[in-house]
Amino acid sequence: MTARPAWAGRNYTLLTAAAVVTGLGNSGALIAAAFAVLALGGDGTDVGLVAAARTVPLVVFLLVGGAVADRLPRHRVMVAANALNCVSQGVFAALVLSGDARLWQMAVLSALGGTGHAFFAPAAEGMVLASVDGRQAGRAFAVFRMGVNGAAIGGAALGGALIAAVGPGWVLAVDAAAFAVAGALRAFLDLRGMPERQAGGGLLGDLRDGWREVAGRPWLWAVVAQFSVVNAVVAAAEAVYGPQVAAEHLGGARPWGLALAAFGAGTVLGGLLMTRWRPRRILLTGALCVFPLALPSAALAVPLSAGWLAAVMFATGVALEVFGVTWMLALHQEVPEEKFSRVSAYDWLGSVALVPVATAAAGPVEAAVGRSAALWGCSALVLLLTAAVLCVPDVRHLVRRDGSASPAAAGEAAVSGAAATAGTAAATGVPGAAGPPEAAGPQPTVKAPPGGSGEGSASVS
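Residues numbered from 1 in each chain as written. Predicted model: local features only at pLDDT ≥ 70, side-chain atom pairs only at ≥ 80, totals over all residues. Heavy atoms only, no water.

**Some remarks on the overall build of the protein**
Next up, step 1: Across its full length, the protein holds 19 helices and 0 strands.
Next up, step 2: Counting every atom, the protein has about 17100 Å² of accessible surface; 70% of that belongs to carbon and sulfur. (Helix = DSSP H or I, 4+ residues; strand = E, 2+ residues; numbered from the N terminus. Areas by Shrake-Rupley, 256 points an atom, 1.4 Å probe, with all protein chains shown as cover.)

This is the structure in C-alpha cells:
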C-alpha cells in the first residue's frame, strides 16, 4: 500500500511539500518582521512602511514576471526566486540578531522579497498547473490548499511562540532556511517531456498578447475587475478596522486572533469539501461563494460578539475556499498553457494593485463617515460587485469539462512524464489563486497573494 494517493505523482508531491515548508516559515516571518520593527522603537507607521516596501515592487514587476515565466523554464524562475528570498531573509535575520538593523535596511530587504514574489507567483501558477491531470484537478488542488492553509495556521502559532521565546531574528532565520529547502525541492522537479516554448515578439509583445487573452474572455476580466475592488475593501476592513473593533468591543487581540484562526480553519474544511464535490458550473458555483465575503465587514460593523464573529469568519473561509478551487479549475481548463503565466500575472496584478490604496485610505474614510458606515460600505461593495459578475453570461454558463483536452491540459500532460502514463499523474494546487505561501502574511481572501516578507500568493484570482 502506497503512502500517497495514486494521482499524487512526484511533481505534485514535491510542489506540495515545498509550499507547506514555505507556508510554515512565512506565516511566522510576517509577525517577526513587524515585531523586529517595533523592537527598534518603530511605530505602526514604520511597520506599514516596511509592508508597503514589499507591495510596491510586487505590483511593479508582476507583469514582467509573468512574461519571463512564459519564456524561461518555470521551475528555474521559481528556484531563482526562492534563492533571492533565502538571501534577503537571511540578511534580514542577521541584521536583527546583531541589533544593528535600520528601518531603511528592512525596507530594502522587504522590497527584494516583493520582487522575488513578483517573479515567483506567475511561474508557480503555471508550473503547478502543468502537473495537473484534468480528472483529478479539483481533488488535487483542494488537498494542496488544505496543506498550505494548515501550514499557515500552524506556522503563525509556532512563529508567535518562537518570537516570545527566542526573539524575531531567529524566526526570520528559520524562514530563510525554509526558502532554501523549498528551492532544493523544486530543483528536483521532473520536466522531461515539457514542450519547448517558442520565442515571442519581445517582452512588450508578450505582455500585449497576455492582455488580449484576458480581454478576450469576459468571465476572466470580470472576475479580475471584481476582485481588484473586493480584495481592497476586505483588506481595509480586516487589516485596519478589525483590530480597532477588537480592541474597543471584543476584548483585545486574542479574540481577533481567534477569529482569523477560525477563517483559516474554514479554508481547511472548504478544501476537504472540494476533494469530494465536483460542481459542473464551476464559475457560477464560485461566484455564489463570494457573497459570504461581505459578512465579516458586516459583523464588525454591528459589532457581533467574539464567538459570533469567529463563526462568521469560519463560514467565510469555507465559502472562499470553494471559490478558490473553482476559479483555478476554470483557468486551467480555458487558458492555453504557453500563455498561462502572462494571464496569471494580470490576474495577480488586479488582485493586489488597489490593496495599498484602500488600506491607506481606510483612516481618512473612517474620519469622514465613521467606522460603522465604512464597514457597511465594504459589505455593500462586495455584494454589488458579485451580483454584477453574475450578470456576465460566461460566468453563469461555463461548465467543467472532465477528461477533455483543455487548452492548458494539452500542453501540460507531458510534464508528469512516466508517472502520468503509469496512472500517477501529478496534480497540484495553484498558488496564484490563493496566493502561494511563499510570501507570508494573513490575507482573508483567496484571490490575493499573501504578501509578507517571503518569496515571491495570494490565497487566493
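**Quick word on the pattern of salt bridges**
Next up, step 1: By the definition in use, this model includes 3 salt bridges.
Next up, step 2: Salt-bridge contacts for Arg 217 lead to Glu 213; the nearest nitrogen and oxygen are separated by 2.5 Å. Each of the two residues, Arg 217 as well as Glu 213, counts as buried.
Next up, step 3: Residue Arg 371 pairs with Glu 366 through a salt bridge whose shortest N-O separation is 3.0 Å.
Next up, step 4: Connected through salt bridges with shared partners, the residues Glu 248, Glu 366 and Arg 371 form a single ionic network. (Salt bridge = Lys/Arg side-chain N within 4 Å of Asp/Glu carboxyl O. Buried < 20%, exposed > 50% of the residue type's maximum accessible area, 1.4 Å probe, protein only.)

**Quick notes on the packing of aromatic side chains**
Next up, step 1: Scanning the entire structure with this criterion turns up 5 aromatic pairs.
Next up, step 2: By way of ring pairs, the aromatic residues Trp 219, Phe 227, Phe 323 and Trp 327 are connected into one cluster. (Phe/Tyr/Trp six-rings, centres within 6.5 Å; stacked < 30°, edge-to-face > 60°.)

**As for the nonpolar core**
A general trend in soluble globular proteins is that nonpolar side chains are found buried together.
Next up, step 1: Formed by 62 residues in total, the largest nonpolar core has its most connected members in Trp 219, Leu 220, Leu 309, Trp 327, Leu 331 and Val 395.
Next up, step 2: For Trp 219, the contacting residues outside a window of four places in its chain are Leu 283, Trp 327, Ala 330, Leu 331, Glu 334, Val 392, Asp 394, Val 395 and Leu 398.
Next up, step 3: Ranked by size, the runner-up nonpolar core spans 15 residues in total, among them Ala 101, Ile 163, Val 171 and Leu 172. (Core = buried A, V, L, I, M, F, W, Y, C linked by side-chain atoms within 4.5 Å. Contact = heavy atoms within 4.5 Å.)

**A short note on the packing of helix 8 (residues 218–250) against helix 13 (residues 340–352)**
When two helices pack together, their arrangement is given by the angle between the helix axes and by the axis-to-axis distance.
Next up, step 1: Close contact between helix 8 and helix 13 brings their axes to 7 Å; oriented N to C, the two are set at 30°. Taken together, the axes of helix 8 and helix 13 are roughly parallel relative to one another. The segment helix 8 lies against helix 13, with Leu 220, Val 224, Phe 227, Ser 228 and Asn 231 engaging Val 343, Tyr 346, Asp 347, Gly 350 and Ser 351.
Next up, step 2: Looking at the contact of helix 8 with helix 13 residue by residue, the classes come out as 5 nonpolar, 4 polar and 1 charged. (Axes fitted to C-alpha atoms, helices over the stretch in contact; angles between N-to-C directions. Parallel < 35°, antiparallel > 145°, perpendicular 65-115°, else oblique. Nonpolar A, V, L, I, M, F, W, Y, C, P; charged D, E, K, R; others polar.)

**With respect to the packing of helix 8 against helix 14 (residues 355–369)**
Next up, step 1: Remark: helix 8 packs on helix 14, axes separated minimally by 8 Å, with the N-to-C direction vectors making an angle of 50°. Between helix 8 and helix 14, the angle falls in the class oblique. When you trace helix 8 past helix 14, the crossing you get is right-handed. Contacts from Asn 231, Ala 232, Ala 235, Ala 236, Val 240, Tyr 241 and Gln 244 of helix 8 reach helix 14 at Val 355, Ala 358, Thr 359, Ala 362, Val 365 and Glu 366.
Next up, step 2: Across the contact of helix 8 with helix 14, the residue classes break down as 9 nonpolar, 3 polar and 1 charged. (Left-handed = near helix turned anticlockwise from the far one by under 90°.)

**A look at the confidence of the model for the protein**
Next up, step 1: Overall, the predicted model of the protein reaches an average pLDDT of 76, with 78% of residues at or above 70.
Next up, step 2: The low-confidence segment residues 439–461 (pLDDT under 50) makes 147 contacts with residues lying over four places distant or belonging to another chain. (pLDDT = per-residue confidence, 0-100.)

**What about helix 14?**
Next up, step 1: Taking 1.5 Å as the rise per residue, helix 14 with 15 residues should run 21 Å; its terminal C-alpha atoms sit 20 Å apart, in good agreement.
Next up, step 2: Considering bend angle alone, the principal kink of helix 14 is centred on Ala 362 and spans about 40°; proline Pro 364 follows within four residues of it.
Next up, step 3: Along helix 14, the residues that are buried comprise Val 355, Ala 358, Ala 362 and Glu 366.
Next up, step 4: Looking at the buried side of helix 14, the elements it contacts are helix 8, helix 13 and helix 15 (371–389).
Next up, step 5: Among the residues trailing helix 14, Gly 370 stands out with phi positive, at a value near 95°. (Expected span 1.5 Å × (residues − 1). Bend = angle between axes of the 7 residues up to and from the residue.)

**Some remarks on a nonpolar patch on the surface**
Next up, step 1: On the surface, Leu 97, Leu 158, Leu 162, Val 166 and Trp 170 cluster together into a nonpolar patch covering about 470 Å² of accessible area.
Next up, step 2: It is helix 5 (residues 137–166) that provides the largest number of residues to the nonpolar patch, a total of 3 residues.
Next up, step 3: Tracing the chain through its elements places Leu 162 in helix 5.
Next up, step 4: When its relative accessible area of 31% is taken as the criterion, Leu 162 is described as partly exposed. (Patch = residues over 30% accessible without salt bridge, like charges linked within 9 Å, V, L, I, M, F, W, Y side chains within 5 Å.)

**Here's the deal with the environment of Thr 13**
Next up, step 1: With respect to the helices and strands, Thr 13 occurs in helix 1 (residues 10–39).
Next up, step 2: You can call Thr 13 partly exposed: its relative accessible area is 30%.
Next up, step 3: In this structure the C-alpha to C-alpha distance between Thr 13 and Leu 189, which are 176 residues apart in sequence, comes to 9.6 Å.

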